[in-house]
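Geometric and topological summary
Each chain is listed here by its residues.
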Amino acid sequence: DIPTPLLMARGYLHYFESFNSDKILLDSAKMYLDKVDDKDISYQKVLIHYYYLKGDFKKIIETAPKIKDKKSFDAWTAYRVGEAYQNNEVFESAVVFYGLAVEQEKYNLDFNFKLATAHVFTGNVKAAEQLFNFIITENPTYQKAWNNLGVIQAGSGRFEEAENSLLRAVQLDPDYVLSRLKLAELYIQTRLRSNAREVVC
């Protein structure tokens, strides 16, 4: 059987993503996408994948509404659309699509992290904190979740919890500058300036 243009496009995208980031592979994928006659849901998903690998988030936002039924989104397509909205600072929509991804892959911690971060941007700190706690329960070495949890705890005046979380983040990745800065800020805020100096030096 001769593979369909859509199957060929998907193959080129998979090869680009997994093995060889040569832009010519994306050009080949687009060539096959242009040959697809039936612009159905499967086509729209592959097109979103193509735009994602191109880093063209505005095109993803234009394409996503063509998939009318939210139940038609698989986890990865929903994640890619969430990324597009997040990159364009449309955080409410990012929450919706990251949420769709998490519904389908509850234990994908990167999806959960993105959803939690989008919640932070929309001001839903409680939902974000629940997700960061879920992430570190599932994977205690998820450094950025500890960092963000510490920031939330500090923001609500729970300084001891914040210190523990940020110290954990620094221990897990001593080279992650943001965690050190956040811990130093916390020490300055709680008048432990000598501790702050130790953290950043």
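If you're wondering where the values come from, they're calculated on a predicted model, not measured in any experiment. (Residues numbered from 1 in each chain as written. Predicted model: local features only at pLDDT ≥ 70, side-chain atom pairs only at ≥ 80, totals over all residues. Heavy atoms only, no water.)

Some words on the overall build of the protein chain
Quick reminder of the rule: Secondary structure counts use DSSP, requiring at least four H or I residues in a row for a helix and at least two E residues in a row for a strand, with both numbered from the N terminus. What the globule rule says is 2.2 Å times the number of residues to the power 0.38, and the radius of gyration is computed from C-alpha atoms. The classification of residues rests on relative accessible area computed with a 1.4 Å probe and restricted to protein chains. Under 20% of the type maximum is buried, over 50% is exposed, and intermediate values are partly exposed. In this description, contact between two residues means that some pair of their heavy atoms is separated by no more than 4.5 Å. Only the protein chains shown count as cover for residues, with accessible areas throughout obtained via the Shrake-Rupley method and a probe of 1.4 Å. Counting rule applied: Lys, Arg positive; Asp, Glu negative; His and chain ends not counted. To locate a charge, take NZ of a lysine, CZ of an arginine, CG of an aspartate or CD of a glutamate.
Across its full length, the protein chain holds 12 helices and 0 strands. Counting from the amino terminus, helix and strand elements in the protein chain follow one another as α-α-α-α-α-α-α-α-α-α-α-α. Compactness check: the protein chain gives a C-alpha radius of gyration of 21 Å against a globular reference of 17 Å for 201 residues, more than 25% above the reference. Seen along its three principal axes, the alpha-carbon backbone of the protein chain occupies a region of about 70 × 35 × 30 Å. Every one of the 201 residues in the protein chain was classed for burial, and the buried ones make up 43%. Taking contacts inside the protein chain between residues at least 6 apart in sequence as the whole, the part at least 24 apart equals 45%. Total accessible area computed for the protein chain in this model is approximately 11300 Å², and 52% of it derives from carbon and sulfur atoms. Put simply, the protein chain has 25 plus and 27 minus side-chain charges, and the middle of one group is 4 Å from the middle of the other.

Some words on the pattern of salt bridges
Applied cut-off: Salt-bridge detection follows one rule: a side-chain nitrogen of Lys or Arg within 4 Å of a carboxyl oxygen of Asp or Glu.
This structure, assessed with the given rule, holds 7 salt bridges. As a salt-bridge pair, K45 and D74 come within 3.7 Å of each other at their nearest N and O atoms. Linking K45 in helix α3 (residues 41-54) with D74 in the loop between α4 (57-63) and α5 (75-87), this pair joins segments that are 29 residues apart in sequence. Judged by its relative accessible area of 27%, D74 falls in the partly exposed class.

Comments concerning the environment of P65
Inspection of the secondary structure assignment puts P65 in the loop between α4 and α5. When the C-alpha positions of P65 and Q44 are compared, they lie 9.7 Å apart, and in sequence the two are 21 residues distant.

Side note on the packing of aromatic side chains
Quick reminder of the rule: Put simply, two rings from Phe, Tyr or Trp (the six-membered ring, in Trp's case) pair if the centres are within 6.5 Å, and we call them stacked under 30 degrees between planes, edge-to-face over 60, tilted for the rest. Working rule: Lys NZ or Arg CZ, within 6 Å of ring centre, within 35 degrees of ring normal, means a charge sits over the ring.
For the coordinates displayed, the defined rule picks out 15 aromatic pairs. Through a chain of ring-to-ring contacts, the aromatic side chains of Y52, F57, W76, Y79, Y98 and F111 assemble into a single cluster. Sitting over the ring of Y43, K39 keeps its end group 5.2 Å from the ring centre. Taking NZ or CZ as reference, R80 lies 5.7 Å from the ring centre of Y52, over its face.

A look at helix α2 (residues 23-33)
Our working definition: Note that the arc is defined by the directions from the helix axis to the C-beta atoms.
When α2 is considered as a whole, its buried residues turn out to be L25, L26, S28, A29, Y32 and L33. Seen along its axis, α2 keeps its buried residues to an arc of 160 degrees; they face one direction. Counted as exposed and oriented over 90 degrees from the buried face of α2: K23 and I24. The secondary structure elements touched by the buried residues of α2 are α1 (5-18) and α3.

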